[in-house]
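Chain by chain, the residues:
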Amino acid sequence: MELPLVVGVDGSESSLRAVDWAADEAALHGVPLRLVNASLWERYEGAAFDEGGDRPSERVMAENIVGSAAERARRRDPDLKILTDILPDDTVTALLNEGRNASALVTGSRGRSGLAEMLLGSVSLAVAARADCPVFVIRGSHATQSTTHRRIVLGVDKPPQGLAAVRFAFQEAQARRAALHAVRAWRCPAHETADQPLLASDAAHYHESQAAETLEEALREAAADHPAVELHRETAEGPARKVLMNASAAADLLIVGAQRRHGHFGLQLGRVAHTVLHHSACPVAVVPQRA
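First things first, this report covers the structure right here in the doc. (Residues numbered from 1 in each chain as written. Predicted model: local features only at pLDDT ≥ 70, side-chain atom pairs only at ≥ 80, totals over all residues. Heavy atoms only, no water.)

Regarding the pattern of salt bridges
Argument step 1. Enumeration according to the criterion identifies ten salt bridges in this entry.
Argument step 2. Here Glu 63 makes a salt bridge to Arg 59, at a shortest N to O gap of 3.0 Å. Pair noted here: Glu 63 and Arg 59 are both in helix H3 (residues 57–76), with a separation of four residues, about one helical turn.
Argument step 3. In this structure, a network of salt bridges that share partners links the residues Glu 25, Glu 172 and Arg 176. (Salt bridge = Lys/Arg side-chain N within 4 Å of Asp/Glu carboxyl O. Helix = DSSP H or I, 4+ residues; strand = E, 2+ residues; numbered from the N terminus.)

Here's what the structure looks like:
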């Protein structure tokens with residue numbers, strides 16, 4: 001059974017951009033597109049309308065939202081299998097539940113106040129930090145999304161923690177026929193060079209070589225399984241979050257992993273994933289990785 005790609009829609013411009021992006025992604029992978037709107041109206045008002053009463057305006061609004069989103073996706077790809085649903089729950093809970101039977105979740109990136117393209121909305125952040133499946137957060141302007149760089153950037157973590165994101169990145173690169181740029185950031189701890197400045201170059205060489213070894217180990221198996229993917233390895237000095245944010249400017253997709261620790265609750269993202277979700281110049285995929 002093909003697991004659908006699930007998109008949360010609420011009628012906002014951000015969610016409509018997510019629908020456009022998700023329609024292309026679903027077609028690319030040959031999976032159904034499932035459009036969902038979450039609303040609590042049924043929980044509080046539904047019982048009163050069970051016996052033939054007029055539908056509450058909230059229901060009509062939700063139907064219009066998913067119907068318009070479905071028509072938009074259908075215009076983008078008439079052959080796409082599209083499913084719609086209205087879920088009687090809060091948005092975060094509804095999407096997390098949907099994620100248990102989805103190939104991935106897709107959300108927009110609405111922010112607060114006048115910073116819509118800078119700060120991530122609370123729903124998208126909560127879903128990306130807690131979902132059991134990969135989550136795409138559609139960042140960037142219309143111009144950025146319509147530009148095809150044919151380049152995916154992957155932030156590489158140490159194996160085995162980072163292997164889920166690596167496998168996911170190779171699958172995306174192969175489906176898109178895009179080059180995969182795997183990046184491992186490195187830094188010299190200040191205490192290693194402060195007292196012995198003449199050894200600074202040795203310390204830098206050591207940490208760079210360690211990063212290169214980590215990169216090679218993390219990529220080895222997936223690279224062998226996907227020989228057709230054009231792979232570029234890069235070690236870059238600096239904080240990983242800044243390195244990846246800079247790389248996102250010329251990418252179609254930025255992929256990072258997020259640890260999910262058993263028994264831990266709340267947001268589980270890590271500093272790197274949290275930062276790129278707020279500031280990436282392109283869509284971000286967060287891939288859960290079990291510790």
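Anyway, onward from the coordinates.
Regarding the packing of helix H1 (residues 13–29) against helix H7 (residues 163–176)
Argument step 1. Across the interface, H1 lies against H7 with an axial gap of 10 Å and an inter-helix angle of 85°. One finds that H1 runs roughly perpendicular with respect to H7. Two secondary-structure elements touch here, H1 through Trp 21, Glu 25, Leu 28 and His 29 and H7 through Gln 171, Glu 172, Ala 175 and Arg 176.
Argument step 2. For the contact of H1 with H7, the per-class residue count stands at three nonpolar, two polar and three charged. (Axes fitted to C-alpha atoms, helices over the stretch in contact; angles between N-to-C directions. Parallel < 35°, antiparallel > 145°, perpendicular 65-115°, else oblique. Contact = heavy atoms within 4.5 Å. Nonpolar A, V, L, I, M, F, W, Y, C, P; charged D, E, K, R; others polar.)

Observations regarding unusual backbone geometry
Argument step 1. With an omega dihedral of 0°, the bond running from Pro 159 to Pro 160 counts as a cis peptide bond.
Argument step 2. Inspection of the secondary structure assignment puts Pro 160 in the loop between strand E6 (151–155) and H7.
Argument step 3. Even without a glycine there, the phi angle at Arg 150 is positive, about 50°.
Argument step 4. Its location among the elements puts Arg 150 in the loop between helix H6 (142–146) and E6.
Argument step 5. Overall, the relative accessible area of 48% leaves Arg 150 in the partly exposed class. (Buried < 20%, exposed > 50% of the residue type's maximum accessible area, 1.4 Å probe, protein only.)

Here we look at H7
Argument step 1. Taking 1.5 Å per residue, 14 residues should reach 20 Å; H7 reaches 20 Å between its end C-alpha atoms and fits that length.
Argument step 2. Taken together, the buried positions of H7 are occupied by Ala 165, Val 166, Phe 168, Ala 169, Phe 170, Glu 172, Ala 173 and Arg 176. (Expected span 1.5 Å × (residues − 1).)

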